[in-house]
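So you can see what is in the structure, the chains are spelled out below.
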Amino acid sequence: IGLSKSALPGAGLLAIPLLAEVAIGRGIAGTMLPMLLVADVFVVFWYGRHSRYDVLPPLIAPVAAGFVAGAAFFIAIGSANRILEVTLGVIVGALVILQLYRTIRSSPPVIETPMVTRATGLVGGFTTFVANAAGPVLNTYFLALGLSKNELIGSSAWFYFMVNAAKIPLYIGLMWFTSGGAFFTAESLLYDAVLSPLVVVGAFGGRYLLTVMSQHL
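What counts and how
- Residues numbered from 1 in each chain as written.
- Predicted model: local features only at pLDDT ≥ 70, side-chain atom pairs only at ≥ 80, totals over all residues.
- Heavy atoms only, no water.
- Phe/Tyr/Trp six-rings, centres within 6.5 Å; stacked < 30°, edge-to-face > 60°.
- Helix = DSSP H or I, 4+ residues; strand = E, 2+ residues; numbered from the N terminus.
- Buried < 20%, exposed > 50% of the residue type's maximum accessible area, 1.4 Å probe, protein only.
- Contact = heavy atoms within 4.5 Å.
- Axes fitted to C-alpha atoms, helices over the stretch in contact; angles between N-to-C directions.
- Parallel < 35°, antiparallel > 145°, perpendicular 65-115°, else oblique.
- Left-handed = near helix turned anticlockwise from the far one by under 90°.
- Nonpolar A, V, L, I, M, F, W, Y, C, P; charged D, E, K, R; others polar.
- 1 Å grid on protein atoms, 1.4 Å probe; cavity = no way out; pocket = protein on both sides within 12 Å on 5 of 7 lines; lining within 4 Å.
- Points joined across faces, edges and corners; volume = space filled by probe spheres on them.
- Patch = residues over 30% accessible without salt bridge, like charges linked within 9 Å, V, L, I, M, F, W, Y side chains within 5 Å.
- Areas by Shrake-Rupley, 256 points an atom, 1.4 Å probe, with all protein chains shown as cover.
- Salt bridge = Lys/Arg side-chain N within 4 Å of Asp/Glu carboxyl O.
- Core = buried A, V, L, I, M, F, W, Y, C linked by side-chain atoms within 4.5 Å.
- Expected span 1.5 Å × (residues − 1).

Visitor: In this structure, what is going on with the packing of aromatic side chains? I would like to understand it.
Guide: The way to describe two aromatic rings as a pair is by their centre distance and the angle between their planes. For the structure shown, the criterion picks out 16 aromatic pairs. Ring centres of Phe74 and Phe183 lie 5.1 Å apart, and the angle between their planes is 85°; this geometry places the pair in the edge-to-face category. Linking Phe74 in helix 4 (residues 57-77) with Phe183 in the loop between helix 8 (149-177) and helix 9 (186-212), this pair joins segments that are 109 residues apart in sequence. Across this residue pair, the class does not change: Phe74 and Phe183 are buried. Ring centres of Tyr171 and Phe183 lie 4.1 Å apart, and the angle between their planes is 5°; this geometry places the pair in the stacked category. With a gap of 12 residues between them, Tyr171 in helix 8 and Phe183 in the loop between helix 8 and helix 9 connect regions that are remote in the sequence.

Visitor: Help me understand the environment of Ile77, please; the structure alone is not making it clear to me.
Guide: Note that Ile77 resides in helix 4. Overall, the relative accessible area of 13% leaves Ile77 in the buried class. Excluding its chain neighbours within four sequence positions, the residues that come into contact with Ile77 are Ile83 and Leu84.

Visitor: Help me understand the packing of helix 4 against helix 6 (residues 114-131) in this model?
Guide: Between two packed helices, both the angle of their axes relative to each other and the distance between the axes serve to describe the pair. Their axes nearest at 7 Å, the elements helix 4 and helix 6 cross at an angle of 40°. Between helix 4 and helix 6, the interaxial angle falls into the category oblique. As helix 4 packs across helix 6, the resulting crossing turns out to be right-handed. Judged by residue contacts, Pro58, Leu59, Pro62, Val63, Ala65, Gly66, Phe67, Ala69, Gly70, Ala71, Phe73 and Phe74 of helix 4 engage Thr117, Arg118, Thr120, Gly121, Leu122, Gly125, Phe126, Thr128, Phe129 and Val130 from helix 6. Considering only residue class, the contact of helix 4 with helix 6 consists of 14 nonpolar, 7 polar and 1 charged.

Visitor: What is the right way to look at empty space enclosed by the protein in this model?
Guide: Over the atoms rolls a probe the size of a water molecule, and its path tells where empty space is left. Going through the model one piece at a time under the given rule, you end up with 2 cavities of 30 Å³ or more. Considered as a void within the structure, the second largest cavity measures approximately 40 Å³ in volume. Along its surface, the second largest cavity is lined by Leu59, Val63, Thr120, Gly121, Gly124, Ala134, Val137, Leu138, Phe159 and Tyr160. For the lining of the second largest cavity, the elements supplying multiple residues, two or more each, are helix 4, helix 6, helix 7 (135-144) and helix 8.

Visitor: Looking at this structure, how should I read a nonpolar patch on the surface?
Guide: A surface patch of nonpolar side chains, amounting to about 300 Å² of accessible area, comprises Val96, Leu100 and Ile104. Note that Ile104 resides in helix 5 (residues 81-104). Note on Ile104: relative accessible area 74%, which makes it exposed.

Visitor: Would you mind showing me how to read the nonpolar core here?
Guide: Side chains of a nonpolar character, in soluble globular proteins, are inclined to be buried together. Counting 55 residues, the largest nonpolar core has Phe142 and Phe159 as the members making the most contacts within it. At the level of elements, helix 2 (15-19), helix 3 (26-47), helix 4, helix 5, helix 6, helix 7, helix 8 and helix 9 are the ones that each hand at least two residues to this core. Sort the elements by how many residues they give to this core and helix 3 lands first, with 12 residues. Dropping the residues within four chain positions of it, Phe159 is found in contact with Leu56, Leu59, Val63 and Leu138.

Visitor: Would you explain helix 4 in this entry?
Guide: Helical periodicity: at 3.6 residues per turn, an α-helix aligns residues three or four positions apart in one direction. Helix length check: helix 4, at 21 residues, gives a terminal C-alpha distance of 31 Å against a target of 30 Å (1.5 Å per residue), a fit within 8%. Among the residues of helix 4, Leu59, Pro62, Val63, Gly66, Phe67, Gly70, Ala71, Phe73, Phe74 and Ile77 are the ones counted as buried. Taken from the residues just after helix 4, Gly78 is the one with a positive phi, measuring 55°.

Visitor: Please explain the packing of helix 7 against helix 8 as it appears in this structure.
Guide: Interhelical geometry of helix 7 versus helix 8 gives an angle of 135° and a closest axis separation of 10 Å. Taken together, helix 7 and helix 8 sit at an angle that is classed as oblique. For the crossing formed where helix 7 meets helix 8, the hand is right-handed. Contact residues: helix 7 offers Gly135, Leu138, Asn139, Phe142 and Leu143, while helix 8 offers Leu152, Ser155, Ser156, Phe159 and Tyr160.

Visitor: What is the right way to read the pattern of salt bridges from this model?
Guide: When the charged atoms of two side chains lie near each other, side chains of opposite charge can form a pair. Considering all chains together, one arrives at 2 salt bridges under this definition. The residue Asp54 makes a salt bridge to Arg52 at a minimum N-O spacing of 2.8 Å. Relative accessible area serves as the criterion here: at 47%, Asp54 is assigned to the partly exposed category. Relative accessible area serves as the criterion here: at 27%, Arg52 is assigned to the partly exposed category.

Spelled out as structure tokens, the structure:
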């Protein structure tokens, strides 16, 4: 998770099936979220100054719509953890394909359009709310706008810090007022506390890796 935040966004997809081995249902997203925020704090501190703030506001409304869709999904499936697990698998599989496609195919910068921005925000908002996994979607969008690697990391750092922080009260609200189980438990928070130092180590490793990475990776 730390490495994915500071250098290799697609690497974070590996954490989802791993967490599915120790958590179930909503607990998968809830267990992952605090670790993401730990990494977010470091990456914002290191790269936040490189952010292209002009590319973030247009994403707010469509991401909010994606959040609403994600919340509706959690409410609709209730305690049907199998449906959630299958959905997470589909999301991860689709994003792996997108990440591979983006890595192999080098595309020239494109002009931002309202349709592209809305689609990116909506899909990214839904996938991050349900699976904490929108990195390939957002990075494909940012790279298409011609952002450098530092601008990409800085912009995505602020974006995900704000998005992940916003998820906390929404997850808590879903826990309290809907069926389907808890996102956060005492056990999951203890698990986060134990693994957070490793997240920090990964973030520092990614910080070094970013200095030697090609712009095109």
